[in-house]
Amino acid sequence: MGLGERSFDVAVDPELKIELGKQGIFVTTIQELYNWGRKSSVWPMQFGLACCAIEMIATTMARYDLARFGAEVFRPSPRQADLMIVSGTVTKKMAPQVVRLYNQMAEPRYVIAMGACAISGGPFKQGYNVLKGIDRYIPVDVHIPGCPPRPEALLQAFMTLQKKIDEQSLTGENRPRYLNVDAPGEFPVPEQGEHDLVPASNPNVWTVPVVIR
Amino acid sequence: MKTVEEIKTAIETAVSGAQLEIVPNGSPSAEHSLLVDAAHAFAAAKFLRDDAELKLDFLSNVTGVDWLDKETTEKVKVTRPVEKEVNGVKTMVDETVEETKKTVTPGYLEAVYHLYSMAKKHGPVILRMRTGNRSDKVELPSLTPIWRAAEFQEREVFDLFGIIFTGHPDLRRILMWDGFKDYPMRRDYVDPDDYEYEPTAHDDVLKRAQAHLAATTTEAAQ
């Protein structure tokens, strides 16, 4: 399922819907209404890890104004947050805490991995102390490259996330994780071992990508 | 400010028994450093801080250096008796043979302190201490009681190099977690083999990635 196509069955013929709208009759589905509500008030969690956090803060300020997307309410508690913006370098010392915070967030929850470090380890990839991407432990919805990404890039990621939320179906195979009883709700927090994090990645979330040259 | 040589003599007269050595710096800055023996380092440091003329009241930086065991080979001419047959008779003849002699200089860890004076507006004076070896004699005296600024930086040196500072008020790891066993800034440190996904590998990283791939494929085949 790509982002462009509609995943749910169209209950009302779109042209008929427009026609009815012109006559003053508003027709919708529960799914549309539900997704519209969720995408329009995605509250991020208030935490930053490195210099990307500065760009994230700039995004919330008047010039870039994240409030236009209904996301200006940064919550200081994971219990009240819908979105985790992993903004910056995730060190191996910090990684267990990031996963723990994600576990404490209530469903539905989303993750944006912001910047080179959060998506891959970035310039510290070959170091001993930096995690090679937070997607090794928690499911990431949108990755943003850049060092750091400009506020426009974060806004683009935000719009991509909204589009993704809008296309989620409430039933069927492609329904989101929180509506699937069998899907895991909690993600194992890695242990800090003698030489590295144990395990080095969560195999249910991350598998080694195939490099095509 | 006094030159390094003058500071050396000043310490030697003030602290009896202190053995100092000047480690030259060949660069244009010529910031030569003072190597002080671990036993008298604390007293020497106290003198540097309290001396009326030096008044090195500001510790700017503490860092560590890891010096590996150094193997040097030199060619030596050795003369020794060799049995030889001359005209059918076996006799002992002295012969000069060239031999290569290998000497191993044991490695050590080094703590480096950069000192300045706020009162006198001079510096830096660079102080060095060396451990006995790299494995079991890694204790050095902590200079935290003299310069409070050393506390976190000595913890960092302990964390990354494994130098144990005796007399430190709170010697714990500061950057890595408590259960961590390695010393990542040592030159023989081997980082975890997490080279499973290297999309743009080159040089050493490429070698590590290939080694990882070879290891995992043979593991899977077994």
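Being a predicted model, the structure only gives us computed values, none of them experimental.

J.: Would you mind showing me how to read unusual backbone geometry here?
T.: Both trends apply: most residues other than glycine have a negative phi, and most peptide bonds are in trans. In this structure, the amide linkage connecting Cys147 of chain A to the following residue, Pro148 of chain A, adopts the cis form with an omega of -15 degrees. With respect to the secondary-structure elements, Pro148 of chain A resides in the loop between strand S3 (142-144) and helix H6 (151-166). Between Gly123 of chain B and Pro124 of chain B the backbone carries a cis peptide bond, its omega angle lying at 0 degrees. In this structure, Pro124 of chain B sits in strand S7 (residues 122-130). For Asp65 of chain A, which is not glycine, the phi torsion reads 55 degrees and is therefore positive. Unlike most non-glycine residues, Lys55 of chain B shows phi in positive territory, near 45 degrees.

J.: Quick question: what am I supposed to make of the domain arrangement of chain B here?
T.: How big an interface is tends to be stated in terms of accessible area lost as the parts join. You can read the domains of chain B as domain 1 (4-68 + 108-166), domain 2 (70-104) and domain 3 (195-222). Inter-centroid distance (C-alpha atoms) of domain 1 of chain B to domain 2 of chain B is 46 Å.

J.: I'm lost on the nonpolar core in this one. Help?
T.: Note that soluble globular proteins tend to have their nonpolar side chains buried in a common cluster. Among the nonpolar cores identified, the biggest contains 42 residues, and Val86, Ile112, Ala113, Met114 and Ile134 of chain A are the most heavily contacted of them. Ignoring any residue separated from it by four or fewer positions in sequence, one finds Ile112 of chain A in contact with Leu83, Ile85, Val86, Asp141, Val142, Ile144, Ala157 and Leu161 of chain A. By size, the runner-up hydrophobic cluster in this structure holds 34 residues, among which are Ala44, Tyr113, Val157 and Tyr183 of chain B.

J.: Which parts of the structure should I look at to understand the environment of Arg100 of chain A?
T.: All names here are of chain A. By secondary structure assignment, the location of Arg100 is in helix H4 (residues 95-104). Classification of Arg100 by C-beta neighbours within 10 Å gives partly exposed; the count is 14. For Arg100 and Ile144, which are 44 residues apart along the polypeptide, the C-alpha to C-alpha distance reads 22 Å.

J.: I keep staring at the interface of chain B and chain A and nothing clicks. Help me out?
T.: With 14 residues of chain B at the contact, the number on the chain A side is 14 residues. For the side of chain B that touches chain A, a count of residues per class yields 8 nonpolar, 1 polar and 5 charged.

Cut-offs and rules
Residues numbered from 1 in each chain as written. Chains lettered and ligands numbered in written order. Predicted model: local features only at pLDDT ≥ 70, side-chain atom pairs only at ≥ 80, totals over all residues. Helix = DSSP H or I, 4+ residues; strand = E, 2+ residues; numbered from the N terminus. Domains from an automatic or database assignment. Core = buried A, V, L, I, M, F, W, Y, C linked by C-beta atoms within 7 Å. Buried ≥ 20, exposed ≤ 12 C-beta atoms within 10 Å, placed from the backbone. Contact = placed C-beta atoms within 7 Å. Nonpolar A, V, L, I, M, F, W, Y, C, P; charged D, E, K, R; others polar.

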